[in-house]
Amino acid sequence: MNQSIKHVLLFAFFTSLLQAACSNGIAPRDVPTPHPPVPTPTPRELVLPADDGSHSVPIEWWYYNGHLRSETDEEYSFHYVIFQTEGGDAVSRFEFGQAGITDVQRGEHTYISSELSASTPSFTEANSEILLNLQLANFNLEIAADGSHTFSAQDPNGVSGLELATDVPTEVMLHEGIGWMDWPFGWTYYYSYPRMQANGILTIDDRKVDVKGEVWFDHQWGDFFVVGKPAGWQWFAIHLDDGRSLMIAEIRDAEGEVLAIDGTLIQSGSEQRVLDAEQDGIALEVQEYWTSPRTAGEYPAKWRLRVDSINFDVLMTPSIADQEVPALPYGNQAAAYWEGRVEVTEASSGESLGRAFAELSGYAEPEPLSWRSEER
């Protein structure tokens, strides 16, 4: 169940902020109490790629990260996500997107956000050729029935952006073994394609770069609710040079205590393996921190990760310290999180073993929401 929470708190933050923004000009009111989520009685078997499409559920998202190279061997990384949530009538749907590009050579990180859009004009129902088509002005995502994905994001000035297309995936991670989890906050389906081959174009400072590389795709949907800070997570999507793909997640509860740490491993050409903290000897140690100049959030900035059962002992260090995703345009720094590329090296020798993406949430102090303010 635990890996599935990696994006949940972030989504809860955004939902609260959007609700707060819509309440401007209205008299202060009590914090709304959400209805308890209704757990699914019996999980069904996932059908892929058909389940890459949209589902009629309260919360769903399509998330990508990847490591890319140019024709001149320059290195870049990116993340891209579109969130979808039901409206109050449980019929209308809303989406918004976020993306980031890391230029490893220049040590620069660029952030792009979408506008909030109702899904009526943006969402196209599945057909025999297209499973999903989302169009959010400057964000677009299309998933074909053959399992290939195409997605793009452009900033309003056209100075930065990405346009990428993936081949049909050859490996899938069904987290917790079946791609479904039930926990006290509700239920969710969750799976990943850890190594999708991709090519396309990055636009950085008005400069277009042809790139290709590997993309990690996460897809999750369900009916759940999670409170905010001090709850949070440290999540890692790791691409090792020997072909292994490893996801590790450490989850904190509502008191800020570590609730669980576990993950999923795929050896290239082999079946997946679900990892358990106690049985597999997983240990995640934070060795350094970085403080954001924008939010004053204190984020982990270097880790030692050990998994005894697979003789795995590495250090992970951010390629660039500042890869924080700001709260704007949502207006409250509770929505800020850190999402970026990290380098993976062998702990004792320092030998490079690969690269990863880290997602860190629950480290920036939230500002008061509008309905909690006594003064307008």
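If you tally the helices and strands in the protein, you get three helices and 24 strands. Expressed as a percentage of its 376 residues, the buried residues of the protein come to 55%. Total accessible area computed for the protein in this model is approximately 15800 Å², and 49% of it derives from carbon and sulfur atoms.

Before going further, it helps to spend a moment on unusual backbone geometry. Of note, the amide linkage connecting Leu48 to Pro49 takes the cis form, showing an omega dihedral of 10°. Relative to the assigned elements, Pro49 resides in the loop between helix 1 (8-22) and strand 1 (59-70). Within the chain, Asp206 stands out as a residue other than glycine whose phi angle is a positive 70°. Within the secondary structure, Asp206 is located in the loop between strand 13 (186-204) and strand 14 (207-224). Given the relative accessible area of 59%, Asp206 is considered exposed.

With respect to the helices, strands and loops of the structure, Ala321 is situated in the loop between strand 21 (312-318) and strand 22 (324-325). According to the relative accessible area criterion, Ala321 is partly exposed, its value standing at 41%. A sequence separation of 19 residues divides Ala321 from Gly340, and the C-alpha atoms of the two residues are 8.9 Å apart. For Ala321, the residues in contact, after removing those within four places along its chain, are Trp290 and Trp338.

Rules of the game
Residues numbered from 1 in each chain as written. Predicted model: local features only at pLDDT ≥ 70, side-chain atom pairs only at ≥ 80, totals over all residues. Heavy atoms only, no water. Helix = DSSP H or I, 4+ residues; strand = E, 2+ residues; numbered from the N terminus. Buried < 20%, exposed > 50% of the residue type's maximum accessible area, 1.4 Å probe, protein only. Areas by Shrake-Rupley, 256 points an atom, 1.4 Å probe, with all protein chains shown as cover. Contact = heavy atoms within 4.5 Å.

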